[in-house]
Amino acid sequence: MSDVSRPNLPRVRTPPTDPVLDELWSDPPGLLGKLKAVQNDAIGKRLILTGFFFLLLGGSVDSVVMRLQLAVPNNDLVSPQLYNELFTNHGSVTMFLVILPIFEGFAILLLPLLLGTREMPFPRLGAFAYFTFLMGGLLYYSATLFSAVPDAGWFAYTPLSGLEFSPDLAIDFWVLGLGVAEVGAIAAAVEIIISVLKMRAPGMTLSRMPLFAWAFLVTAFMILFAFTPLIIGSMLLELDRGFGTQFFNVDAGGSSLLWQHLFWIFGHPEVYIQFLPATGIISMVIPTFMRKKMVGHTWIVGSMVAIGFLSFGLWAHHMFTVGLSPIVGSFFAGASMVIAIPAGVQIFAWLATIWAGRPRWGTPLLFTVGFLALFVLGGITGVMVASVPFDLQAHDSYFVVAHLHYVLIGGVGFPMFAGVYYWLPKMTGYSLDDRLGKWNFWILFIGVNVAFFPMHIVGLMGMPRRVYTYPEGLGWETYNLISTVGVFIIVAGIGVFVVNLILSHRRKVPVANNPWDAPTLEWATPSPPLQHAWSIPPIVTSRYPLWDQDDLYSGSEGDEALVEALGQWPLRWRAVLATSTADAEPEEVFRVGGPSIWPLITAFGTVTIFAAELLKLRLGALAGMAVIVIGAIGWNWPDSPPITEEEELEFEMAHKIPVRVGGSLTVARWGMGLMNLFVGIAFMSILLAYFYLRLDNPAWPPPGIENPSPLAIISATALIGVAGWGFRRGLRRIREGDGDGLLRGTGVALLAALGGVVIAGSHFIGLEFSSQDHAYGSVFHTLGWFILVVTTAAIVMTALIVYWTVRGEYSERRHVPVSNVGFFWTTAIIVWVIGFGVLYLTPALT
Amino acid sequence: MKGATTDQPRWLTWHVLVLAGPVIWYLYFWVVYLLAEAGCSRAFPETQWFGVSWVALATLLLTVIACSLLAYFTFTAYSAARSNPDLIEPTREASLYALGALLGAFFLVATLFVGVPAAVLDVC
Ligand code: HEM
Ligand SMILES: [Cu+2]
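Residues numbered from 1 in each chain as written. Chains lettered and ligands numbered in written order. Predicted model: local features only at pLDDT ≥ 70, side-chain atom pairs only at ≥ 80, totals over all residues. Heavy atoms only, no water.

**Q** Any chance you could explain the overall build of chain B here in plain terms?
**A** What chain B contains, in helices and strands, is 3 helices and 2 strands. Each helix and strand of chain B, placed in order from N terminus to C terminus, yields the pattern α-β-β-α-α. In chain B, buried positions account for 49% of the 124 residues. A fraction of 71% describes how many contacts in chain B between residues 6 or more apart in sequence connect residues 24 or more apart. Just so you have it, chain B exposes about 6200 Å², and 73% of that area is on carbon and sulfur atoms. (Helix = DSSP H or I, 4+ residues; strand = E, 2+ residues; numbered from the N terminus. Buried < 20%, exposed > 50% of the residue type's maximum accessible area, 1.4 Å probe, protein only. Contact = heavy atoms within 4.5 Å. Areas by Shrake-Rupley, 256 points an atom, 1.4 Å probe, with all protein chains shown as cover.)

Dropping the structure here:
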């Protein structure tokens, strides 16, 4: 490969505007400034550090204590109860509070550099994601202060997690604390999706996009599709616990399997949500260290997408032992088998690249090879437990523990280390010690095998998981002792890592722009990069721009002039470039949000709702809701634009590209689209719950409950229809510049929708059965109120539109929020019609 | 938005060709799964027609339909990839169509793995 031997070429250009832009993009100083910070560097670093902090707190202490307890038979270091709490905490923390935030932090930190843009699309949403995640984690951990530590396993199966068997607050901490963190995960996912699809450098077509970005694109969609059902499932569990509904109460028409389904619809994709980002990192490290372009790029992309979709058809392989019908079991077993294909394709592509390249044995490459070794073993045991007869034997034994740790530590932990050793010097500007890195690797690698390999054997010998001790004489002693020794080797390995970090910070050995001679954009920037990363956005003409391109600023004449101009103007507001989805042609210049305290306040409102539910202070939840509404309004309040419409027009004329100081059109539309998707998935999850409960009950509605009369809902539906029509009319008027027409249309929409919600709401309050009467009543009320809440959200947005219309905020050119609210109305109406249709019409059909 | 190749209908854009495979499989999987759950439930116990369970029949029928659709899209994407060399249309690279073909073929296999056992297994 001759094209690879041109170290440190090309680089970013450093125009005289560098310092001005750097200043413009910096977060404000001081403590208040830190709370208002929105910069992707800051948010990304915080997410990673917080995840690591939770790992030390929950992941490591727990596991060491558990292993000490199991080192010898009949040990009494910890009580059975404490042991249950330890493994619950260990599993929950690592699965919810460690891997996910660390990877989302990686994405938020690195994507703008890798994609050649200046920021994430909604910096304030990023800040919100961080604060909700942090507060959710702390809320979860505060269980310890109330000595009500969750103990029902990381999947909190009902009925064990129900009120009857877990009467204290422990499960509430689990549900609610992690619930907040899940909201944060979804918010960050929205950021990631839009940045990857809409904010790439000109010329970075989808086919030229780095595999890292592909991996995170798929992951982020999976987060949206997996965490939303979990949030709904947790909500139903909390309704059972706090409000006396009967979703999971078998005696009243509920179903305990419903929880398992909702949990694993999240739970299996979750393991790939953790794994795919790892493959993204590996796919960046291998080409760099093998000095070879990736073999089978498109095949790897295909595998990532395939895994993303397929993993949603695997969940019930965690439920083979609950008595699924044979045909259902075969669906899931079939899907679990084929997932070996994309996983295998990826591994072959990596191996082929390694085979063909010339290795440079840096620490990141070592961790990559370690990853391959461990992950292949873990994948094989995975396919083993995915076959029904084998699983009937191995389920709930230490074999499963061995499987999951090989895939999680080998498949996720090692790539994480690879990523840190690879990118940390870029972000801090200081190098990490390679020799210590190698020690770090070898100690960890040996430790993981010593700790987890014996578990395969004791598992097959019949040792069940989640036991706090075991008797002598079953031949398990030696293996358990070896495992415990292994854990201490792992601890030593992590110790070396921490020492390496500290030394790097002390020694401050500066690194070059591109110490590894890597091919992707981020390595063209200084180490550490400027706040805004790119004064002049790069132009991309290759998958490996730093290997193939002579410089980063040559492209079509129009693109060259545009990126050059963006280095000069604007210097007073944070401008970024949106590009088209497939071809990355410049589409629009828009302003991203600056520092703001509102994300913190909104996050605080969110956590207040959950905390109030925890303490059963229902008024507190209302207060939290109010804080959220106020926060969201403050967050989106239109500040006076820093330039006039004429100035916008001037740049537009010169570069034939719209300038939108009042907020992006395309990106905002994607944001609203994802919001609608979120609402839609939540809605489908409740419909799924409805469906399961329906199937579990021979009579629907159950004896003693009458089908309610649909009259009130029919008239309310008519009013909602009028509202939708009015809003559309208003939107059409403002497109022609008619502000009065907008006011009339949205005014009608507001009044009609209010009328509809009041009628439907009072009908629901007057229903003859309550949400506590039978699972039918529970799901009826929950689905009904869900619909009304969605419509109410549309009403609040409409009210704001009406207010801003009166104040004359909108014009023919500037009315993005109006079209967005229109988009939301479409979703709200679909949810309304289908939802009430299911509640009032389907019982008559069956 | 342009179609994939000049002689293809306009709605066959790269979005469609890339997403057809995964989306068809995803919908297929949910439908056969929910049907099977319903067919083995307490509310609508399994019924047989001429000794054949309707759940198995419906599953096989849906499998055939899904496979035909997948085959069609896979083939279309494949031909689009072949007739769109990078040189002719440098921005909309053939690799997106190739991606569509790969995904289509894979989900065709996945559909067979999921659906075919219904021909031999007991249903409930
Ligand atoms: C990234 C890769 C993977 C990760 C991170 C992972 C993670 C996990 C985890 C955490 C569990 C334990 C769940 C529990 O607490 O019960 C588990 C169990 C399981 N895994 Fe994996 N896994 C991976 C790959 C696979 C593969 C490729 C397969 C098979 C195709 C598979 C099949 C299973 C099965 C069937 C179980 C349930 C075993 C039982 O409880 O009886 N896994 N996995
Ligand atoms: Cu699984």
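**Q** I keep staring at the pairing of strand S2 (residues 586–591) of chain A and nothing clicks. Help me out?
**A** Residues and elements named next belong to chain A. Sheet analysis places strand S1 (residues 575–579) next to S2, joined by 5 bridges and oriented antiparallel. Within the sheet, the bridge partner assigned to Val576 lies in S2 and is Phe590. The hairpin formed by S1 and S2 contains 6 residues between the paired strands, and Ala584 there has a positive phi angle of roughly 55 degrees. Relative to strand S3 (residues 659–660), S2 runs parallel, the two sharing 2 bridges. Residue pairing across strands places Phe590 opposite Arg660, the latter belonging to S3. (Pairing = 2+ DSSP bridges.)

**Q** Would you mind going over the confidence of the model for chain A with me for this structure?
**A** Any region with low pLDDT has predicted coordinates that should not be read closely. Residues of chain A with pLDDT of at least 70 account for 99%, and the chain-wide mean is 90. Contacts from residues 1–5 of chain A, a stretch scored under 50 in pLDDT, to residues over four places away or in other chains number 9 contacts. (pLDDT = per-residue confidence, 0-100.)

**Q** What's the story with a positive patch on the surface in this structure? I'm lost.
**A** Residue and element names in this part refer to chain A. Taken together, the side chains of Arg669, Arg728, Arg729, Arg732, Arg735 and Arg744 define a basic patch exposed on the protein surface. Per-element tally for the positive patch: the top contributor is helix H23 (residues 711–735), with 4 residues. Structurally, Arg669 is set in helix H22 (residues 666–696). Taking the relative accessible area as the measure of exposure, Arg669 reaches 37% and is therefore partly exposed. (Patch = residues over 30% accessible without salt bridge, like charges linked within 9 Å, V, L, I, M, F, W, Y side chains within 5 Å. Salt bridge = Lys/Arg side-chain N within 4 Å of Asp/Glu carboxyl O. Lys, Arg positive; Asp, Glu negative; His and termini not counted. Charge placed at Lys NZ, Arg CZ, Asp CG, Glu CD.)

**Q** Help me understand the site of ligand 1 in this model?
**A** All names here are of chain A. Among the 25 residues in the neighbourhood of ligand 1, the closest are listed as Trp154, Asp391, His395, His403 and Arg465. A distance of 2.9 Å separates a nitrogen atom of ligand 1 from a polar atom in the side chain of His403. At 2.9 Å from an oxygen atom of ligand 1 is found a side-chain nitrogen or oxygen belonging to Arg465. The set of elements that each furnish at least two residues to the shell around ligand 1 consists of helix H8 (256–290), helix H12 (363–385) and helix H14 (398–428). Broken down by element, the shell around ligand 1 gets its largest block of residues, 5 residues, from H14. A class-by-class count of the residues in the shell around ligand 1 yields 16 nonpolar, 6 polar and 3 charged. (Near = heavy atom within 4 Å. Polar contact = N/O pair within 3.5 Å; in protein donor to acceptor, adjacent residues only side chain to side chain. Nonpolar A, V, L, I, M, F, W, Y, C, P; charged D, E, K, R; others polar.)

**Q** I would appreciate a short explanation of the packing of aromatic side chains in the present structure.
**A** Geometry of an aromatic ring pair is reported as the spacing of the ring centres plus the angle between the planes. Residues and elements named next belong to chain A. All told, the structure shown has 75 aromatic pairs over all chains when counted by the stated rule. Both rings, one in Phe54 and one in Phe133, keep their centres 5.8 Å apart while their planes meet at 85 degrees; by these two values the pair is edge-to-face. Here Phe133 lies in helix H5 (residues 123–141) and Phe54 lies in helix H3 (residues 40–70), a separation of 79 residues in the sequence. Note on Phe133: relative accessible area 4%, which makes it buried. (Phe/Tyr/Trp six-rings, centres within 6.5 Å; stacked < 30°, edge-to-face > 60°.)

**Q** I tried to follow the pairing of S1 of chain A on my own but got confused; where do I start?
**A** With respect to burial, S1 of chain A is a largely interior element, 5 of its 5 residues being buried. Neither face of S1 of chain A is open: one carries Ala575, Leu577 and Thr579 of chain A, the other Val576 and Ala578 of chain A, and all of them are buried.

**Q** Sorry, what's going on with the interface of chain B and chain A here?
**A** Listed by partner, the interface residues are 43 residues for chain B and 46 residues for chain A. A buried area of about 3700 Å², summed over both sides, lies between chain B and chain A, and 78% of it is on carbon and sulfur atoms. Of all residues in chain B, Tyr33, Arg42 and Phe106 of chain B bury the most surface against chain A, accounting for 15% of the area lost on that side. Counting every contact that joins chain B to chain A gives 3 residue pairs in polar contact (both at pLDDT 80 or more). Counting only elements with at least two residues in the side of chain B that touches chain A, the list comes to helix H1 (14–39), helix H2 (54–83) and helix H3 (94–115) of chain B. For the side of chain B that touches chain A, the element with the highest residue contribution is H1 of chain B, accounting for 14 residues. In terms of residue class, the side of chain B that touches chain A is built from 34 nonpolar, 4 polar and 5 charged. (Buried area = accessible area lost by both parts, 1.4 Å probe.)

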